[in-house]
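Chains, contacts and geometry: an overview
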Amino acid sequence: RHPRQRAAWELAAASLQGFRATLDAAGFTEVHSPKLVESATESGANVFEVDYFGRPAYLAQSPQFYKQVLVGIFERVYEVGPVFRAEPHDTVRHLAEYVSLDVELGFVEDHVEVIRCLRDVVAGMVAAIHECASSAVELLGIDVPSVPEELPLLHYREALELVGAPEEEPDLAPAHERALGEWAKAEHGSDFVVVHGYPTAHRAFYSHPDPDDPRWSRAFDLIFRGVELVSGAQRLHRYDDYVQALEQRGYPYAPYASYVEAFRRGIPPHGGFAIGLERWVSRLTGAANIR
């Protein structure tokens, strides 16, 4: 009941109102996907296995497969729900269970169109905080960010060069994210920066490669005040591309059959993203630890 503890929940609630209102106004349909699933979404070992009446099942790492298939029905979908990651979480920024705000939209030209949607969603969340949680903002003394009309955009190669990292680095380290956050603030006056074009080999198998240079993907991250807040991408949408991607990564077809088979029936070019609600609130409040 402590007012300062309540305030963080009020910020989360207002953010969700803005998230939903922005997407509803843009013609999205809210959906709900299963949290007990038959295969890992991210193809790794970071899943919680459970006994499903004598058979193995897993707690869902994300609604990724479901929201992609549902784009073939509704064209634009979103979900608010828990996701589970069996990863080392004794850090100040990771949780084994968190609330994910997932979005997927169809008939996109490329990932830049998805980034524009992300920008509008974040702006809607900020507007709702001002409208619905102004007392929490005042109590906590929060500096609510301004969302620019266009988010600063860096290719992964440019980001590595800016932070002085080796060209073969597979991902950005937390120190790199902090440095890029400082750069965005100094150069653009922005609390946000988008890094796109991550190496295809190090992103999820359903990420769309850049047609001009397949070494780089059409995947992106949004960094908010020096911490990765959002991951997203344009996805593959053709059946043959999925079969090839699974073969290239050495993944068996069977666990992904019900997902991949949907692409035989026709799924439009699409992409999406996911925002971690707790990480968003922790960055808003300036908390030293996400808990």
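Our structure's up above, just so we're on the same page.
The sections below set out a description of the structure shown in this document. (Residues numbered from 1 in each chain as written. Predicted model: local features only at pLDDT ≥ 70, side-chain atom pairs only at ≥ 80, totals over all residues. Heavy atoms only, no water.)

Our next topic: the overall build of the chain. A tally of helices and strands in the chain yields 9 helices and 13 strands. The C-alpha atoms of the chain give 19 Å as radius of gyration, which agrees with the globular expectation for 291 residues (19 Å, within 12%). Its C-alpha atoms give the chain principal-axis dimensions of roughly 55 × 45 × 40 Å. Every one of the 291 residues in the chain was classed for burial, and the buried ones make up 49%. Long-range contacts, defined as pairs at least 24 residues apart, comprise 70% of the intrachain contacts of the chain with a sequence gap of at least 6. Here the chain carries 27 positive and 43 negative side-chain charges, and the mean point of each set is 4 Å from the other. (Helix = DSSP H or I, 4+ residues; strand = E, 2+ residues; numbered from the N terminus. Rg over C-alpha atoms; globule rule 2.2 N^0.38 Å. Buried < 20%, exposed > 50% of the residue type's maximum accessible area, 1.4 Å probe, protein only. Contact = heavy atoms within 4.5 Å. Lys, Arg positive; Asp, Glu negative; His and termini not counted. Charge placed at Lys NZ, Arg CZ, Asp CG, Glu CD.)

The sheet built from 8 strands is open, its strands ordered 1-5-6-13-12-11-8-7 with mixed pairing. On the outer flanks of this sheet lie strand 1 (29–30) and strand 7 (153–155), each paired with one strand and no other. Across 3 bridges, the pairing between strand 7 and strand 8 (residues 192–196) is parallel. Residue H155 lies in a different strand from strand 8, and its bridge partner there is H196. (Pairing = 2+ DSSP bridges.)

This part takes up a nonpolar patch on the surface. A cluster of nonpolar side chains, L36, Y52 and F53, forms an exposed patch at the surface whose accessible area comes to about 370 Å². Within the secondary structure, Y52 is located in strand 3 (residues 49–52). (Patch = residues over 30% accessible without salt bridge, like charges linked within 9 Å, V, L, I, M, F, W, Y side chains within 5 Å. Areas by Shrake-Rupley, 256 points an atom, 1.4 Å probe, with all protein chains shown as cover. Salt bridge = Lys/Arg side-chain N within 4 Å of Asp/Glu carboxyl O.)

This next bit is on the packing of aromatic side chains. Centre distance and the angle of the planes are the two values used to describe a pair of aromatic rings. Throughout the structure, instances matching the rule amount to 19 aromatic pairs. With centroids separated by 4.3 Å and ring planes inclined at 25 degrees, the aromatic side chains of Y242 and F263 adopt a geometry described as stacked. Within this pair, whereas Y242 is found in helix 7 (residues 239–249), its partner F263 is found in the loop between helix 8 (257–260) and strand 13 (270–276), the two being separated by 21 residues in sequence. Judged by its relative accessible area of 0%, Y242 is buried. (Phe/Tyr/Trp six-rings, centres within 6.5 Å; stacked < 30°, edge-to-face > 60°.)

Generally speaking, nonpolar side chains in soluble globular proteins are found buried as a group. With 44 residues, the main nonpolar core has F19, V103, L222, F273, I275 and W280 as its most contacted residues. Among the elements that line this core, the one with the most residues is helix 3 (residues 111–132), at 9 residues. (Core = buried A, V, L, I, M, F, W, Y, C linked by side-chain atoms within 4.5 Å.)

The subject of this paragraph is the pattern of salt bridges. A complete count under the given rule lists 16 salt bridges for this structure. In this structure, R119 and D120 form a salt bridge, with 3.0 Å as the shortest nitrogen-oxygen distance. When its relative accessible area of 39% is taken as the criterion, D120 is described as partly exposed. Measuring nitrogen to oxygen at the nearest pair gives 2.7 Å for the salt bridge that ties R215 to D213. We classify R215 as exposed; its relative accessible area is 55%.

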